[in-house]
Amino acid sequence: MNILLKGLLLIAVPTLFQLIFLGLLLKAESEAADADHWAMHSKEVIEQITSAEEPVLHEAADLRLAVITDDRQQHGGEALWKDVDQRMAALATSVSDNPQQVEKVHDIAAAIQAYHEWNNSVDQKIGAGAHDDAVAAVRLGKGDGLVDQVLGQMGDFLQRERSLDEQRVQLVATARSNQRVVLLWSGLIALLAGAGVV
């Protein structure tokens with residue numbers, strides 16, 4: 001072998017290893033970034049479903065107070081329901097990548113709508129001066145059942161999303177670990193190549 005060929009091999013082999021490890025490093029970085037994105041996405045979805053739950057609970061309590069005090073001003077009214085609808089629409093958009101979750105969000109929205117309609121019927125009774133009818137409607141427990149249905153569906157959705165979050169956090173840890181392994185091996189190969197061993 002002539003000296004020129006040996007020189008080229010001395011340059012080409014370490015460069016080839018570095019290119020291979022650079023490709024592996026870029027792939028590991030891409031996987032880690034993707035895992036980070038989905039882990040953050042899960043956290044945002046959990047926050048969104050929680051933020052949609054709170055006004056429904058407050059409205060249920062406020063409606064009871066309105067019935068007790070015979071005062072319609074004690075609860076949120078249509079602005080609250082519009083806000084809840086917007087939150088549910090935003091949640092549906094956030095989970096649009098998963099048809100099962102979109103279906104669950106639509107089920108939750110339908111349950112919220114059923115409670116909203118019941119809530120409006122009680123509110124109308126209060127507004128019409130039919131306080132005893134409003135009290136009777138609340139005592140029948142239909143509203144409690146509707147709220148329980150909303151909370152149950154939200155709880156199921158939240159449990160599924162938390163499970164996804166745990167899986168995605170594990171994927172982040174795995175991706176970061178793979179990234180460290182590639183960095184370690186590339187550093188070791190570069191060191192050996194620099195020392196002329198490889």
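The shown structure was predicted, so the numbers you read here are calculated from the model rather than taken from an experiment.

A. Broad picture of the nonpolar core. Formed by 35 residues in total, the largest nonpolar core has its most connected members in Met-88, Leu-91, Ile-112, Tyr-115, Val-122, Met-154 and Phe-157. Among the elements of the structure, α1 (3-69), α2 (78-94), α3 (99-127), α4 (131-139) and α5 (142-194) are those that each provide at least two residues to this core. The residues contacting Met-88, other than those within four sequence positions of it, are Ala-52, Val-105, Ile-108, Ala-109, Ile-112 and Met-154.

B. Layout of α1. Spanning 67 residues, α1 covers 99 Å between terminal C-alpha atoms, matching the ideal 99 Å at 1.5 Å per step. Capping the start of α1, Asn-2 holds a side-chain oxygen 2.7 Å from the backbone nitrogen of Leu-5, two or three residues further along. Positive phi appears at Asp-70, one or two residues downstream of α1, with a value of about 55 degrees.

C. Layout of the pattern of salt bridges. Applying the stated criterion across every chain yields a total of 7 salt bridges. With a shortest N-O distance of 3.0 Å, Lys-43 and Asp-165 are connected by a salt bridge. In this pair, Lys-43 sits in helix α1 while Asp-165 sits in helix α5, placing the two residues 122 residues apart along the sequence. Given the relative accessible area of 38%, Lys-43 is considered partly exposed. Overall, the relative accessible area of 12% leaves Asp-165 in the buried class. With a closest N to O distance of 2.8 Å, Arg-87 and Asp-83 form a salt bridge. Here the residue Arg-87 and the residue Asp-83 both occupy positions in helix α2, the gap between them amounting to 4 residues, near one helical turn.

What counts and how
Residues numbered from 1 in each chain as written. Predicted model: local features only at pLDDT ≥ 70, side-chain atom pairs only at ≥ 80, totals over all residues. Heavy atoms only, no water. Core = buried A, V, L, I, M, F, W, Y, C linked by side-chain atoms within 4.5 Å. Buried < 20%, exposed > 50% of the residue type's maximum accessible area, 1.4 Å probe, protein only. Helix = DSSP H or I, 4+ residues; strand = E, 2+ residues; numbered from the N terminus. Contact = heavy atoms within 4.5 Å. Expected span 1.5 Å × (residues − 1). Polar contact = N/O pair within 3.5 Å; in protein donor to acceptor, adjacent residues only side chain to side chain. Salt bridge = Lys/Arg side-chain N within 4 Å of Asp/Glu carboxyl O.

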